[in-house]
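The residues making up each chain are set out below.
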Amino acid sequence: MKNKNCCVKEALFKASDINYKNLAKYLILIPVLLIAFAIMFTSIFGINRQADIRDRYEFVVDFGTQISTEEQGNYEEKISEALERQELTAVKFVKYGQSEIYSGLKVTIDPSVSDLTVEQLEDIKNAIETDLQASIANTVEVSDINLVQTDLEGNVIYALIALAIILVAIFVYVWIRFNLSFAFASGIMGLFAPAMTFVIFGLFRLPFDGVSFAVMLIASILSEMIFMHIADNIRNQELDNQSLTNNEYIKNANHSIINVIANPLIGLTAFLLLLTIIMLFVNIGIAFTLISVIFMIFVVVYSSMVVATSFWANIYNKDKDQRLKSRLDRLSKEKVKKQKKSDKEDQDKVMV
């Protein structure tokens, strides 16, 4: 395993030894084209939205007494069978009750069914209640089947506002800590990471729900964290050696970050792949979540180590970086001051 990790790390080193400045338009243009294609693709075929972010029907089945985990599984099977006889499908079960005393199940019906009349809903409710009453010993009461509408547009707007606030805060922080070039690069990357996550969910038809929004947000934050580590490394290189080009600064910084994150990421990705394969036969929902996390890892690495750095390499001019010059001047003065102090101490020792 160690040898395989070394091989992967060497491959990452070679992949990072590119001309970021000259290849920037290709490194950024290809993902941009993918984003455009994904928008067209999803506009035609739609997004694979999960029940939580779609209009859906829900109802509660109350069994009149506390239910155990074993009973829950049996009841879920009975409810599913009753729904299937009404040509409906249950997509979600949640324990229902008060103060952790669960005496019922909240059932979500397949969101593709959304045009039932009040009379149809009442007939379905009565049929399910009768069916369950016949197959379950306990008293069963089925609530009215209600249509739960989701304000998807409003939720998306709130999510985008939250993301925008985070990105603006990061932009200002990077600007203050480094310079405007690094800030612009972090801003481009902050938009790119969630956009590429959307591409992956759209093109591969992964289920899109609250977890997807969380993955997008985490991808943006992790990308920013890695890029700030790269920016810090580049700044330290500039203070130590002012004769390198932007490409050389980026290569050295990326090699540094690869040394830090390569082994953990390789191990984590291998573990997630193995777990995903297992979950495909156990719980498809968890498998899809794991797949989205694996894709997120690739998006984070590409966004921070390729997109942001390529953009920075093309806009940064070291000769115009006044903040760097002032810091170099301050370090030079401190160095001269320390040298004078050292010389004086040496003279004092000689006199003694």
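Here is what the cut-offs are and how they apply
- Chains are numbered independently. Their residues run from 1 in the order of the written sequence.
- Under the rules for a predicted model, residues below a pLDDT of 70 receive no local features and side-chain atom pairs below 80 are neither given nor counted, while totals for whole chains, interfaces and linings still include all residues.
- Each side-chain value is derived from all of the structure's non-hydrogen atoms; neither hydrogens nor water enter the calculation.
- The definition of a nonpolar core used throughout is a set of buried Ala, Val, Leu, Ile, Met, Phe, Trp, Tyr and Cys residues joined through side-chain atoms within 4.5 Å.
- Type-normalised accessible area, obtained with a 1.4 Å probe on protein chains alone, sets the label of each residue: buried when under 20%, exposed when over 50%, and partly exposed for intermediate values.
- Only DSSP runs of H or I reaching four residues or more are called helices, and only runs of E reaching two or more are called strands; each is numbered from the N terminus.
- The contact definition used throughout considers only heavy atoms, calling two residues in contact when any of these lie within 4.5 Å.
- A residue counts toward a patch only above 30% relative accessible area and without a salt bridge, and it is joined to like-charged neighbours within 9 Å or, for Val, Leu, Ile, Met, Phe, Trp and Tyr, to nonpolar neighbours within 5 Å.
- Computed with a 1.4 Å probe, the accessible areas rest on the Shrake-Rupley method; for each residue, only the protein chains presented here act as cover.
- Salt bridge, as used here: a side-chain nitrogen of Lys or Arg that lies within 4 Å of a carboxyl oxygen of Asp or Glu.
- Each residue gets a pLDDT score, which is the predictor's confidence in that residue and runs from 0 to 100.
- Helix span is expected to be 1.5 Å times the residue number reduced by one.
- Angular values range over 0 to 180 degrees, each being the angle between N-to-C directions of two axes fitted as lines to C-alpha atoms, with helices fitted over their stretch in contact.
- Two helices that cross are described as forming a left-handed crossing if the nearer one is turned anticlockwise from the farther one by less than a right angle, and a right-handed crossing if clockwise.
- It is the directions from the helix axis to the C-beta atoms that the arc portrays.
- When two rings of Phe, Tyr or Trp (its six-membered ring) have centres within 6.5 Å they constitute a pair, described as stacked for plane angles under 30 degrees, edge-to-face for angles over 60, and tilted for the intermediate range.
- Whether two strands pair comes down to DSSP finding at least two bridges between them.

Caption draft 1: Spotlight on the nonpolar core. The biggest cluster of nonpolar side chains holds 49 residues, and the ones touching the most others in it are Val174, Phe182, Ile226, Ile234 and Trp312. Those elements that provide at least two residues to this core are helix H2 (20-45), helix H5 (152-177), helix H6 (180-203), helix H7 (210-240), helix H8 (246-279) and helix H9 (284-315). In this view, Phe182 contacts Val174, Phe227, Ala231, Ile234, Arg235 and Trp312; residues no more than four positions away in its chain are not counted. If you look at the next biggest cluster of nonpolar residues, it comprises 23 residues, including Val61, Ala90, Ile109 and Ile128.

Caption draft 2: Representation of a nonpolar patch on the surface in the model. A surface patch of nonpolar side chains, amounting to about 620 Å² of accessible area, comprises Val168, Val172, Trp175, Ile176, Leu180, Phe184 and Ile315. Among the elements of the structure, H5 and H6 are those that each provide at least two residues to the nonpolar patch. With four residues, H5 is the single largest residue contributor to the nonpolar patch. Along the chain, the position of Ile176 falls in helix H5. Residue classification places Ile176 among the exposed positions, given a relative accessible area of 61%.

Caption draft 3: The pattern of salt bridges, seen in detail. What the rule picks out here adds up to one salt bridge. One salt bridge connects Asp232 with Arg177, and the closest N-O pair in it is separated by 3.3 Å. One end of the pair, Asp232, is in helix H7; the other, Arg177, is in helix H5, and 55 residues separate them in sequence. According to the relative accessible area criterion, Arg177 is partly exposed, its value standing at 37%.

Caption draft 4: Spatial organisation of the environment of Phe204. Structurally, Phe204 can be placed in the loop between H6 and H7. Accessibility expressed as a relative area gives 52% for Phe204, which makes it exposed. For the pair formed by Phe204 and Ala38, sequence separation is 166 residues and the distance between their alpha carbons is 9.9 Å.

Caption draft 5: Inspection of the confidence of the model for the chain at higher detail. Chain-level statistics for the chain give a pLDDT mean of 77 and a share of 81% at 70 or above. Mean pLDDT values over the elements of the chain span from 64, in helix H1 (residues 2-16), up to 86, in H8.

Caption draft 6: Structural context of H2. Spanning 26 residues, H2 covers 36 Å between terminal C-alpha atoms, matching the ideal 38 Å at 1.5 Å per step. Buried within H2 are the following residues: Tyr20, Ala24, Leu27, Ile28, Pro31, Ile35, Ala38 and Thr42.

Caption draft 7: Examining the packing of H6 against H9 more closely. For the pair H6 and H9, the least separation of the axes is 8 Å and the interaxial angle reads 150°. For H6 against H9, the interelement crossing comes out right-handed. Contacts from Ser181, Phe182, Phe184, Ala185, Ile188, Met189, Phe192, Ala193, Met196, Thr197, Ile200 and Phe201 in H6 reach Ser292, Phe295, Val299, Tyr302, Ser303, Ser304, Val307, Ala308, Phe311, Trp312 and Ile315 in H9.

Caption draft 8: Up close: helix H3 (residues 69-84). End to end, H3 covers 23 Å across 16 residues, agreeing with the expected 22 Å (1.5 Å per residue, within 8%). For H3, the set of buried residues is Gln72, Tyr75, Ile79, Ala82 and Leu83. For H3, the angular spread of the buried residues around the axis is 95°, confining them to a single face. Relative to its buried face, H3 has exposed residues pointing more than 90 degrees away, namely Glu70 and Glu84.

Caption draft 9: Representation of the packing of aromatic side chains within the structure. Enumeration according to the criterion identifies eight aromatic pairs in this entry. Measuring from ring centre to ring centre gives 4.8 Å for Trp312 and Tyr316, while their planes differ by 20°; the resulting arrangement is stacked.

Caption draft 10: Structural context of the pairing of strand S1 (residues 56-62). Burial runs high along S1: six of the seven residues are buried. As defined by bridge partners, S1 adjoins strand S5 (residues 146-148) across three bridges and the pair is classed as antiparallel. From the neighbouring strand, Glu58 faces S5, where its bridge partner is Asn146.

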